[in-house]
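Summary of structural features
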Amino acid sequence: MGEFVVEAAIDEAVLPSAPGEAGHLALALANSAVALPGGHTADLLGTPAQAEQWLARRGLAPVGAGLAEVCATRLRSLREQVRSLLASRVADQPALPAAVTAINGAMTRVPTASLLLWGEQTGPYRATPHPTAAIVEHALAVIAADAADLLTSPDATRLTACASPPCNRFLLKHGRRQWCSTRCGDRARAACAYARRTAME
């Protein structure tokens, strides 16, 4: 599970979400490293600005948070651990202990108690604190908790890898669909049709 190098510029808005991403941040994180046709790859977390944009779109960081490279690196590192766990689950293989440790570490690094706070305008309310300095810690904890929830929920039985090489994205199956997007489905059907034609020649 090596780190992806940005070889092709791709905007997140151009890449359709895979089934299940809307409900699982961990699935969206795993799919932020994209293998493209022609041996190209794209990393939606390739730069601190891209990582910040990715987090902001999911409500995990404020716009203009000013993420540093070390923060983007930590997010990419968690992605590799989540990808490892999803791949282990799909292959029905034991997980790498380091991946499990990384998820548990991310979840336990931030406060989880919902504290009593008192706002001048709002009065008393409860919230889990995460100061600006700990934005990335909080985001990693939320994503790690989602990964743990996904892997232990009934949804885990629907988890699969996209069946259209070279795509490396994960999805939650609905019916017989085994592709992360219409684009991958079209590519797989075209490859099958080409294989049938060449077999008959």
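Residues numbered from 1 in each chain as written. Predicted model: local features only at pLDDT ≥ 70, side-chain atom pairs only at ≥ 80, totals over all residues. Heavy atoms only, no water.

**Description of the overall build of the chain**
- Scanning the chain from N- to C-terminus turns up six helices and six strands.
- The linear arrangement of helices and strands in the chain, starting from the amino end, is α-β-β-α-α-α-β-β-α-β-β-α.
- Expressed as a percentage of its 201 residues, the buried residues of the chain come to 40%.
- As displayed, the chain has an accessible area near 10,800 Å², and 59% of this comes from carbon and sulfur atoms. (Helix = DSSP H or I, 4+ residues; strand = E, 2+ residues; numbered from the N terminus. Buried < 20%, exposed > 50% of the residue type's maximum accessible area, 1.4 Å probe, protein only. Areas by Shrake-Rupley, 256 points an atom, 1.4 Å probe, with all protein chains shown as cover.)

**Focus: the packing of helix 4 (residues 97-108) against helix 5 (residues 135-152)**
- At a closest axis distance of 7 Å, the pairing of helix 4 and helix 5 adopts a crossing angle of 130°. In this view, helix 4 runs oblique relative to helix 5, as classed from their interaxial angle. Handedness of the helix 4/helix 5 crossing: left-handed. Where helix 4 approaches helix 5, its residues Ile 103, Ala 106 and Met 107 are matched on the opposing element by Leu 140, Ala 141, Ala 144, Ala 145, Ala 147 and Ala 148. (Axes fitted to C-alpha atoms, helices over the stretch in contact; angles between N-to-C directions. Parallel < 35°, antiparallel > 145°, perpendicular 65-115°, else oblique. Left-handed = near helix turned anticlockwise from the far one by under 90°. Contact = heavy atoms within 4.5 Å.)

**Here we look at a nonpolar patch on the surface**
- On the surface, a nonpolar cluster with roughly 240 Å² of combined accessible area is contributed by Leu 115, Leu 117 and Tyr 125.
- With a relative accessible area of 37%, Tyr 125 lands in the partly exposed category. (Patch = residues over 30% accessible without salt bridge, like charges linked within 9 Å, V, L, I, M, F, W, Y side chains within 5 Å. Salt bridge = Lys/Arg side-chain N within 4 Å of Asp/Glu carboxyl O.)

**Comments concerning the nonpolar core**
- Counting 38 residues, the largest nonpolar core has Trp 54, Leu 55, Leu 75, Val 82 and Ile 143 as the members making the most contacts within it.
- Within the residue set of this core, elements represented by two or more residues are helix 1 (25-30), strand 1 (33-36), helix 2 (48-57), helix 3 (69-90), helix 4, helix 5 and strand 6 (170-172).
- Ignoring any residue separated from it by four or fewer positions in sequence, one finds Val 82 in contact with Ala 26, Leu 29, Ala 30, Ile 103 and Ala 147.
- Judged by nonpolar contacts, the second largest core, of six residues, contains Cys 162, Cys 167, Leu 171 and Cys 184. (Core = buried A, V, L, I, M, F, W, Y, C linked by side-chain atoms within 4.5 Å.)

**What to know about the pairing of strand 1**
- With burial as the criterion, each face of strand 1 is covered, one bearing Ala 33 and Ala 35 and the other bearing Val 34 and Leu 36.
- Bridging between strand 1 and strand 2 (residues 40-43) involves four bridges; their strand directions are antiparallel. Of the residues in strand 2, the one forming a bridge with Ala 35 is Thr 41. (Pairing = 2+ DSSP bridges.)

**Details of the pattern of salt bridges**
- All told, the structure shown has six salt bridges when counted by the stated rule.
- The closest approach of N and O atoms between Arg 74 and Glu 137, which form a salt bridge, is 3.0 Å. Residue Arg 74 is found in helix 3, and its partner Glu 137 is found in helix 5; the two are separated by 63 residues along the sequence.
- Since its relative accessible area comes to 29%, Arg 74 is described here as partly exposed.
- The residue Glu 80 makes a salt bridge to Arg 79 at a minimum N-O spacing of 3.4 Å. Residues Glu 80 and Arg 79 agree in their burial class; the two are buried.
- Several salt bridges share partner residues, and in doing so they unite Asp 43, Arg 79 and Glu 80 into one network.

**Thoughts on helix 4**
- In a regular helix each residue adds 1.5 Å, so 12 residues correspond to 16 Å; helix 4 covers 16 Å between its end C-alpha atoms and thus fits that length.
- Ala 99, Ile 103, Gly 105 and Ala 106 are the residues of helix 4 that are buried. Within helix 4, the buried residues cover an arc of 165° as seen down the axis, which keeps them to one side. The outward face of helix 4, more than 90 degrees from its buried face, is lined by the exposed residues Pro 97, Thr 101 and Thr 108.
- Buried residues in helix 4 make contact with helix 3 and helix 5. (Expected span 1.5 Å × (residues − 1). Arc of directions from axis to C-beta.)

**Details of the side chain of Ser 164**
- Here Ser 164 lies in the loop between strand 5 (159-161) and strand 6.
- Look at Ser 164 and you get buried, because its relative accessible area is 1%.
- Only 3.0 Å separates the side chain of Ser 164 from the backbone oxygen of Cys 184, close enough to count as a polar contact. (Polar contact = N/O pair within 3.5 Å; in protein donor to acceptor, adjacent residues only side chain to side chain.)

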